[in-house]
4 protein chains.
Amino acid sequence: MSKDPNLIRGRFTEATDAFVEAFTASVTFDQRLYRHDIRGSIAHCRMLGHVGVVEASEVERIVAGLQQIHKEIDDGDFDWSVGFEDVHMNIEHRLIEAIGEVGKKLHTGRSRNDQVATDMRLYLREEIDVLLYVETDLLKVLLDLAEQHTGTIMPGFTHLQAAQPVTFGHHVLAWFEMLSRDRDRLGDCRKRVNVLPLGSAALAGTTFPIDREFVAAELGFDAISTNSLDAVSDRDFAIEFCSCAAMTMMHLSRWCEELVLWTSQRFDFVTLPDRFCTGSSIMPQKKNPDVPELIRGKSGRVFGQLVALLTLMKSQPLAYNKDNQEDKEPLFDAVDTLRDCLTAMVGLVPNIEPNVDTMRAATLDGYITATDLADYLVRNSVPFRDAHRIVGQVVGYAIEHDKPLDALTLEELQAFGGDAIHENVFRSLSIEGSVAARHHLGGTAPAAVIQAIAAARRRL
Amino acid sequence: MSKDPNLIRGRFTEATDAFVEAFTASVTFDQRLYRHDIRGSIAHCRMLGHVGVVEASEVERIVAGLQQIHKEIDDGDFDWSVGFEDVHMNIEHRLIEAIGEVGKKLHTGRSRNDQVATDMRLYLREEIDVLLYVETDLLKVLLDLAEQHTGTIMPGFTHLQAAQPVTFGHHVLAWFEMLSRDRDRLGDCRKRVNVLPLGSAALAGTTFPIDREFVAAELGFDAISTNSLDAVSDRDFAIEFCSCAAMTMMHLSRWCEELVLWTSQRFDFVTLPDRFCTGSSIMPQKKNPDVPELIRGKSGRVFGQLVALLTLMKSQPLAYNKDNQEDKEPLFDAVDTLRDCLTAMVGLVPNIEPNVDTMRAATLDGYITATDLADYLVRNSVPFRDAHRIVGQVVGYAIEHDKPLDALTLEELQAFGGDAIHENVFRSLSIEGSVAARHHLGGTAPAAVIQAIAAARRRL
Amino acid sequence: MSKDPNLIRGRFTEATDAFVEAFTASVTFDQRLYRHDIRGSIAHCRMLGHVGVVEASEVERIVAGLQQIHKEIDDGDFDWSVGFEDVHMNIEHRLIEAIGEVGKKLHTGRSRNDQVATDMRLYLREEIDVLLYVETDLLKVLLDLAEQHTGTIMPGFTHLQAAQPVTFGHHVLAWFEMLSRDRDRLGDCRKRVNVLPLGSAALAGTTFPIDREFVAAELGFDAISTNSLDAVSDRDFAIEFCSCAAMTMMHLSRWCEELVLWTSQRFDFVTLPDRFCTGSSIMPQKKNPDVPELIRGKSGRVFGQLVALLTLMKSQPLAYNKDNQEDKEPLFDAVDTLRDCLTAMVGLVPNIEPNVDTMRAATLDGYITATDLADYLVRNSVPFRDAHRIVGQVVGYAIEHDKPLDALTLEELQAFGGDAIHENVFRSLSIEGSVAARHHLGGTAPAAVIQAIAAARRRL
Amino acid sequence: MSKDPNLIRGRFTEATDAFVEAFTASVTFDQRLYRHDIRGSIAHCRMLGHVGVVEASEVERIVAGLQQIHKEIDDGDFDWSVGFEDVHMNIEHRLIEAIGEVGKKLHTGRSRNDQVATDMRLYLREEIDVLLYVETDLLKVLLDLAEQHTGTIMPGFTHLQAAQPVTFGHHVLAWFEMLSRDRDRLGDCRKRVNVLPLGSAALAGTTFPIDREFVAAELGFDAISTNSLDAVSDRDFAIEFCSCAAMTMMHLSRWCEELVLWTSQRFDFVTLPDRFCTGSSIMPQKKNPDVPELIRGKSGRVFGQLVALLTLMKSQPLAYNKDNQEDKEPLFDAVDTLRDCLTAMVGLVPNIEPNVDTMRAATLDGYITATDLADYLVRNSVPFRDAHRIVGQVVGYAIEHDKPLDALTLEELQAFGGDAIHENVFRSLSIEGSVAARHHLGGTAPAAVIQAIAAARRRL
């Protein structure tokens with residue numbers, strides 16, 4: 001179906017080439033904006049009525065026509081045509097077809113440039129609200145999981161080497177913190193998304209006596225763009241969203257890396273339910289942590305969309321250029337990917353079952369309370385750097401004799417630490433003692449974790 | 001529809017969650033590999049027959065079944081199911097349904113890990129061949145365009161400032177050179193794509209007496225992977241392709257930037273046919289160079305896919321991980337985008353109509369033959385650095401008196417250059433003289449451009 | 001000089017290889033953190049005194065030692081050694097050398113993991129404050145420039161095609177809006193930077209009775225990290241900053257693209273002072289807009305640093321890993337690049353001299369008031385879509401007869417628009433009339449621009 | 001020191017601003033090109049003599065002057081000045097200072113545009129040759145390591161789950177394959193680097209009778225650029241190199257991820273020498289795999305440089321723009337990073353000490369020969385899909401009874417597999433049997449690995 005020349009090709013003498021028509025059309029992907037497009041058109045039309053550019057009865061007919069089209073699309077009864085290029089022209093063309101001449105008045109005082117920017121912002125605001133909701137859900141299930149394990153001890157790692165004992169609840173709260181920042185950041189992003197560009201028209205504003213406050217109020221925008229050239233070409237909101245999404249996906253890649261490690265037989269720290277795993281087409285014994293792996297992999301996808309949008313805007317002169325049509329698919333994909341991954345985690349997190357005994361056994365392996373011994377020495381007046389050196393020698397001795405630290409005798413310990421070491425040293429060398437001693441704000445002690453959970457619940 | 005537990009979930013006690021099933025499934029996008037999947041399966045099956053693992057009559061039935069499925073899919077009669085996860089399991093399940101028990105033998109001695117790697121390589125090889133073909137077409141139309149304009153003079157720019165006169169044919173050949181390197185690079189990439197991974201099975205090879213040379217010959221692979229762990233996890237071929245595609249898109253963004261500049265009223269160097277342009281929904285006079293703008297914008301998309309794939313593979317331990325399922329959409333999108341953009345350029349290039357008079361007029365504006373004056377002085381024994389300084393002063397004088405260089409009198413010129421300047425200086429100051437003097441290999445002179453075109457034709 | 005084994009290699013039996021020592025050392029680039037490192041150490045030490053872990057007299061000696069070292073480094077009298085790996089160990093080693101045994105107490109209750117995170121946040125907070133200051137400066141000079149040109153008319157472009165007349169002041173305000181969002185975003189980023197990680201120690205907190213509020217107050221942090229595992233491995237603040245920086249550099253690339261276009265002879269819209277330009281080594285007439293070009297190019301650099309940091313963190317398990325040492329150079333470079341580019345623009349903007357006559361002449365060229373004619377028809381009861389079509393035909397006629405719109409006679413216009421067109425149409429066809437009519441919030445009319453400037457000044 | 005106005009600012013009336021001078025100067029980083037710059041200048045000068053543009057005696061004096069400057073720089077006796085902007089002008093200015101007027105003739109017939117492109121290609125060619133050498137070294141030590149462990153059995157992983165037994169030698173060969181592709185790719189890249197741009201002058205070639213073949217022969221270039229506009233603006237060679245470097249860094253990130261996993265106490269598969277590890281400033285027992293972690297982290301850096309360069313070139317019109325000055329630091333950093341990381345690996349690989357017993361024990365854990373059991377059933381006429389299902393049930397049973405597969409009795413096995421299972425099944429269930437059975441090209445069997453090593457040695 002060829003594009004109706006009536007609508008926008010008045011000065012052209014040649015029809016669009018079929019390949020070019022398909023190549024430049026966006027309707028195959030921007031039709032997902034139809035709800036926002038119609039909502040924006042209704043608000044625009046009501047404003048035109050409000051200021052007297054269109055008569056009240058015309059407004060009624062246009063709004064009714066748009067609502068009918070909304071229903072047609074909802075019901076799958078709408079015939080999208082590449083010939084009409086994009087979601088806007090498809091709907092406008094159908095409007096004129098449906099309600100006649102009066103439909104030709106809808107586009108008064110606006111342009112597709114400010115229209116699409118409005119649609120995109122309505123769309124993204126809605127998606128951000130969904131995401132904030134899902135993120136809050138995920139934060140809650142993280143707190144629930146942490147709460148069940150404030151006293152579950154596992155090795156804390158740095159450099160993936162056993163470093164100091166920590167509690168599993170504390171570890172889960174680290175994930176909570178990451179996502180909590182993400183939610184804050186997304187909230188900040190929303191402020192800059194929720195600004196009305198409509199009224200900027202093509203690039204310079206319009207000669208009609210528009211009332212932008214009216215439109216903003218109709219559509220729930222917090223603010224109104226204050227420069228028309230900027231407003232039609234600005235895609236910062238999409239880029240900022242993708243930055244937020246990339247950060248969250250990076251966080252999820254870290255959690256998922258840990259889940260993949262922890263479900264491997266070498267760690268065996270947690271068990272995931274079968275339904276988050278898949279089997280192998282060839283190895284019958286396999287239970288693969290597919291969901292975490294896939295989320296980890298999807299981080300690249302969202303990083304890529306961020307790069308796509310930054311590159312897109314690089315060096316673009318004002319105002320709107322056709323390049324900007326390329327903003328949609330990256331943004332849509334980043335939104336969908338982030339929402340799906342968060343949703344998957346909301347389902348997964350409550351089903352993470354720590355293998356408490358295995359974790360504890362792993363904590364006993366290695367010399368994980370060496371720092372506690374050094375701290376002990378400090379409390380007995382050895383300067384920290386000397387204490388650190390002394391414990392290094394103790395560990396060397398223990399490795400050589402293949403003993404854990406708490407299996408050394410008092411005499412053996414005193415051979416290195418002298419009279420700074422007493423019988424009570426063994427309390428410091430236990431993993432429970434080590435953990436409990438770190439009870440300050442942010443520390444891993446069960447008491448501190450319980451407090452952190454309570455504080456986090458208040459923040460939600 | 002739920003996934004058939006018979007196929008790969010023998011050890012599981014719990015069905016896959018519906019969301020998880022959809023989240024982890026790839027069939028919605030990997031079904032585009034069905035031709036390659038079936039082709040690979042047929043070759044694998046024939047090999048199993050060849051080495052005696054499957055009987056000849058069974059091979060016949062399996063191959064016939066696969067061919068029937070191929071036709072069903074071609075005809076749109078195939079019922080893809082997310083429940084069967086991917087293109088491979090959908091086809092295998094249908095095969096068993098169609099031909100019965102014997103279909104269960106197809107997957108002998110292979111895994112989805114080596115199967116999908118084989119499919120991807122077959123797919124990409126085919127697409128590369130198409131791309132090489134389109135690139136060659138585009139190189140040809142560039143040569144044709146250059147050939148028509150070996151003597152058309154335009155300003156050559158550096159820093160977008162008029163620098164020296166060049167020929168339009170020479171400028172078009174600069175585009176030719178970029179794309180010519182792209183084609184070479186894609187050819188090098190193809191060598192590394194066209195390697196058979198099948199036979200690597202899940203990760204370690206197989207216990208069946210497979211004949212990999214047989215399969216390679218059936219499928220037209222030039223080489224056979226030599227390490228199974230590597231072969232099932234290697235996605236270098238996709239990344240290298242995206243690198244090539246990103247480079248080409250960068251080149252196209254440069255050409256398109258120039259086309260956008262040149263079609264603007266400020267330059268007006270070229271006219272594009274209406275069918276490569278679109279109008280405005282609000283400004284009736286507009287004729288926008290949509291196709292070049294869109295291609296320029298699509299560069300970001302392909303850069304993003306490259307970043308997605310590099311990120312995907314970062315830090316992945318051997319061998320296959322589910323993350324790798326995320327290799328497909330970025331690769332498919334890079335392939336499609338590159339092919340569409342090149343195709344659009346094949347249509348566009350022959351229709352670029354230079355506005356010869358405007359270009360020539362723009363060349364006369366400015367002091368574009370200043371370098372020629374400096375060179376003239378050098379030929380009359382002034383050291384280059386002094387000549388450069390003298391001409392700088394001449395230009396300053398000319399600007400002050402608002403005259404072009406060739407409107408200065410001999411006396412005025414001699415006031416700066418002394419007796420190094422004679423009557424014949426004016427030949428050097430003409431744009432035709434300037435251009436013609438650069439007749440060496442790579443130079444802009446019509447004679448050099450004609451030779452360059454002839455040499456380029458020989459290379460194609 | 002080899003690394004002092006006393007400090008941290010107590011358990012090792014083998015010295016670090018010289019290449020490995022240099023490869024893993026960070027002191028060559030992290031020495032720029034010395035002010036923040038010392039400031040953090042002093043606060044930490046005072047806190048240790050405050051809670052009684054170190055005696056008051058010892059605190060005094062340590063603080064004095066640190067202040068002396070600060071001075072040594074300021075004065076260039078400090079001997080940095082790769083053998084001591086990083087800024088922290090260089091300073092601690094020197095401290096012990098300078099003040100003796102008591103220096104060994106400084107590192108009590110902390111780790112390099114929380115120390116470096118604290119240093120980085122202090123550094124970045126300081127740099128953000130500088131950047132906010134420079135951005136405010138730049139916003140001010142933009143307003144000043146806009147204010148001088150509220151009535152200067154130029155062509156507004158979409159697709160780089162003349163679209164509608166705008167005012168130069170309005171265009172400059174579009175730049176203002178972009179940067180204004182950047183400043184807001186950076187302010188939001190600062191909130192998440194200004195959080196104290198110290199007290200997290202290696203990963204789990206410490207066994208000493210630390211007072212984190214004390215340290216936060218000493219160092220001016222607004223908040224305290226609430227999870228030690230997260231705090232030592234979190235680099236979100238650096239990534240968020242790079243996202244902000246990338247956005248700003250993208251904006252600058254757009255402004256600079258316009259400056260490069262506008263200074264080219266084809267546009268000749270603005271003149272830049274010589275000192276922001278450079279000459280050519282070979283073409284004596286050249287005056288190249290080097291500063292805008294270079295800034296445009298530097299956008300890639302900052303995009304790259306953002307990608308570097310996202311990639312760095314992808315898939316990193318908790319808690320600190322050595323990978324994180326790679327956070328510094330990208331962040332430093334992004335900070336420096338952004339600050340330099342903004343500073344360059346602060347110098348450049350007030351010196352942009354619009355060539356008012358050339359701009360005006362360019363506005364008259366083309367059919368730039370076609371939208372105004374369509375709007376005129378709408379005001380005379382022609383539905384917009386019909387008006388758009390009619391004007392398209394008028395433009396086609398005008399092109400054919402090589403006349404500007406306002407040179408058409410009333411009769412010619414009426415031949416297309418019928419009795420909807422009257423004598424007063426010519427007011428709408430003038431560029432002054434076109435501009436003045438767009439006087440709503442965000443519009444390009446001088447009156448609207450004056451209001452926008454006033455509102456912007458209030459925001460600053 | 002201010003820039004000498006004599007050299008290139010003849011037409012300017014205003015000195016460069018000090019900040020602008022520093023901002024636009026490149027000498028702080030491009031001075032590293034001095035050897036290549038001088039080498040190129042000498043070749044250019046000899047060519048000028050050869051074609052008679054400069055006299056033989058002048059050539060001698062210029063060459064001698066350049067050689068003297070080379071020595072001055074080598075010896076640290078050269079006074080680099082930001083006032084002279086870049087390496088080229090610093091050297092040319094010093095040349096004139098050193099040898100007088102004749103030095104002013106050197107820049108005849110060339111421009112900094114083709115000069116810097118030549119320098120960059122000479123530099124990169126040299127670095128590629130070093131890299132190819134280091135890569136070959138690394139390939140050799142990988143083969144040596146593999147050769148020592150053709151029979152060492154470890155678990156092969158997919159999804160980080162134990163999948164099938166493999167040999168450690170086979171695993172090391174997977175690394176070999178990755179790097180081997182990298183080396184091939186770098187060789188292909190070198191072909192496109194080693195092309196002479198000199199002779200393109202500023203953008204259009206030169207009016208002097210240059211002999212480009214002469215220069216190419218002097219400088220060892222394989223080919224000569226064939227379009228001057230392209231040659232001065234082309235940075236494909238730098239981007240292609242960064243693509244190659246990014247791929248290699250991605251590979252190294254994968255190896256290093258494995259080394260980090262394998263050195264963790266949970267795996268304990270390998271031991272690294274102390275000198276590739278570092279300690280903790282607080283935890284005395286730690287031995288951190290710093291070198292692998294750092295290399296893993298550095299992957300982001302090189303990905304970032306690739307993005308920087310692609311972004312840099314996006315949308316740049318022909319020919320040279322100042323943006324291109326930004327090509328150097330990303331390229332230099334990518335080269336240095338890649339060379340350092342490869343060098344580190346050359347030192348590290350021979351010192352990887354597999355903990356053979358731990359690896360073997362890990363292989364026995366899990367149901368790693370389940371595929372072998374399925375293959376066994378297939379060989380006894382069970383279709384593969386049925387065999388896969390049966391073994392899934394066997395594994396379920398074994399998990400339930402907490403037994404390894406080879407501890408099941410024949411009766412237990414037959415309860416699932418019926419009379420397809422005989423006494424000889426246990427041979428298939430041993431890890432040695434499993435490994436040995438995969439003896440085809442690319443398989444993990446010791447015999448196959450020995451053959452693969454031999455073939456690889458022939459390729460080197």
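Residues numbered from 1 in each chain as written. Chains lettered and ligands numbered in written order. Predicted model: local features only at pLDDT ≥ 70, side-chain atom pairs only at ≥ 80, totals over all residues. Heavy atoms only, no water.

K.L.:
Before we move on, could you go through the interface of chain C and chain A and cite the residues and values that matter?
P.N.:
Taken residue by residue, the interface counts 107 residues in chain C and 107 residues in chain A. Summed over both partners, the interface of chain C with chain A comes to about 9000 Å²; 58% of that surface belongs to carbon and sulfur atoms. Of all residues in chain C, the largest losses of buried area upon contact with chain A belong to C:R254, C:L318 and C:R385, amounting jointly to 9% of the total for that side. At the junction of chain C and chain A, the tally comes to 58 residue pairs in polar contact (both at pLDDT 80 or more). (Contact = heavy atoms within 4.5 Å. Buried area = accessible area lost by both parts, 1.4 Å probe. Polar contact = N/O pair within 3.5 Å; in protein donor to acceptor, adjacent residues only side chain to side chain.)

K.L.:
With reference to specific residues and values, describe the interface of chain D and chain B.
P.N.:
Across the boundary between the two partners, chain D contributes 108 residues, which contact 107 residues of chain B. Together chain D and chain B conceal approximately 9100 Å² of surface at their shared face, both sides included; 58% is due to carbon and sulfur atoms. The tally of links from chain D across to chain B stands at 18 salt bridges. Ionic pairing is found between B:D230 and D:R181, a salt bridge with its closest N-O pair at 2.9 Å. The interface formed by chain D and chain B includes 58 residue pairs in polar contact (both at pLDDT 80 or more). In terms of residue class, the side of chain D that touches chain B is built from 41 nonpolar, 35 polar and 32 charged. (Salt bridge = Lys/Arg side-chain N within 4 Å of Asp/Glu carboxyl O. Nonpolar A, V, L, I, M, F, W, Y, C, P; charged D, E, K, R; others polar.)

K.L.:
Help me get a handle on the domain arrangement of chain A, residues and values and all.
P.N.:
The figure often quoted for interface size is the accessible area lost as the parts come together. Residue and element names in this part refer to chain A. What the domain assignment lists for chain A is domain 1 (18–108), domain 2 (113–153 + 166–205 + 213–359) and domain 3 (361–459). Between the C-alpha centres of domain 2 and domain 3 there is a distance of 39 Å. On the domain 3 side, the residues contacting the 21 residues of domain 2 number 17 residues. Counting every contact that joins domain 2 to domain 3 gives three salt bridges. The partner of D144 in a salt bridge is R457, with the nearest N and O atoms 3.1 Å apart. Elements supplying a minimum of two residues to the side of domain 2 that touches domain 3: α7 (112–148), β2 (161–167), α8 (168–193) and α14 (356–364). (Domains from an automatic or database assignment. Helix = DSSP H or I, 4+ residues; strand = E, 2+ residues; numbered from the N terminus.)

K.L.:
Tell me about the relation of the copies chain C and chain A, and name the residues and values.
P.N.:
Two chain copies here: they are related by a rotation about an axis and a translation along the same axis. Rotating chain C by 180° and moving it 0.0 Å along the rotation axis overlays it on chain A with an RMSD of 0.0 Å. Look at the turn and shift together and you get a two-fold axis relating the two. Across chain C, the smallest distance between a C-alpha and the rotation axis is recorded for C:S243, namely 3.2 Å. The residues that chain C uses at the interface reappear at the interface of chain A in 100% of cases, marking a shared surface. (Least-squares fit on C-alpha atoms with pLDDT ≥ 70 in both.)

K.L.:
Give me the lowdown on helix α15 (residues 370–379) of chain A, citing residues and values where you can.
P.N.:
Residue and element names in this part refer to chain A. Counting buried residues in α15 gives nine out of ten residues, a clear majority hidden from the surface. Among all positions of α15, only A370, T371, D372, L373, A374, D375, Y376, L377 and V378 are buried. In this structure, the buried side of α15 is in contact with β2, α16 (384–400), α17 (410–417), α18 (425–429) and α19 (431–436). Of the residues trailing α15, S381 is marked for its positive phi of about 75°. (Buried < 20%, exposed > 50% of the residue type's maximum accessible area, 1.4 Å probe, protein only.)

K.L.:
I'd like to hear about the side chain of A:S253, residue by residue, with values.
P.N.:
Relative to the helices and strands, A:S253 is located in helix α11 (residues 236–263). Residue classification places A:S253 among the buried residues on the basis of a relative accessible area of 0%. Within the local environment of A:S253, its side chain forms a polar contact with the backbone oxygen of A:M250, the two atoms lying 2.7 Å apart. Among the polar contacts made by the side chain of A:S253, one reaches the main-chain amide nitrogen of C:S315 at a distance of 2.9 Å. Setting aside chain neighbours within four positions, we find A:S253 in contact with A:R296, A:S299, C:M313, C:K314 and C:S315.

K.L.:
An account of the relation of the copies chain D and chain B is needed here, citing residue identities and associated values.
P.N.:
Its rotation angle being 180°, the transformation that places chain D on chain B also includes 0.0 Å of axial translation and leaves an RMSD of 0.0 Å. Taken as a fraction of all interface residues of chain D, those also at the interface in chain B reach 99%, which identifies the copy contact as same-surface.

K.L.:
Can you explain the pattern of salt bridges? Please cite residues and give values.
P.N.:
Enumeration over the complete set of coordinates arrives at 176 salt bridges over all chains. A salt bridge links C:R235 to C:D327; the shortest N-O distance between them is 2.7 Å. In this pair, C:R235 sits in the loop between α10 (228–233) and α11 (236–263) while C:D327 sits in the loop between α12 (290–313) and α13 (328–348), placing the two residues 92 residues apart along the sequence. An identical accessibility class is assigned to C:R235 and C:D327; each is buried. For C:D290, the salt bridge identified is with D:K322, shortest N-O distance 3.4 Å. On the criterion of chain membership, the pair formed by C:D290 in helix α12 and D:K322 in the loop between α12 (290–313) and α13 (328–348) is interchain, its members lying in two chains. C:D290 gets classed as buried once you look at its relative accessible area, which sits at 2%. Judged by its relative accessible area of 3%, D:K322 falls in the buried class.

K.L.:
Explain the pairing of strand β2 (residues 161–167) of chain B residue by residue, including any values.
P.N.:
Look at any regular strand and the pattern is simple: side chains alternate between the two faces of the sheet. Residue and element names in this part refer to chain B. Most of β2 sits inside the fold, with seven of its seven residues counted as buried. Both strand β1 (residues 153–158) and β2 contribute to a ladder of six bridges, which runs antiparallel. Bridge assignment links P155 to a residue of β2, and that residue is P165. Here β1 folds back onto β2 in antiparallel fashion, the turn holding two residues, of which H159 has a positive phi close to 55°. (Pairing = 2+ DSSP bridges.)

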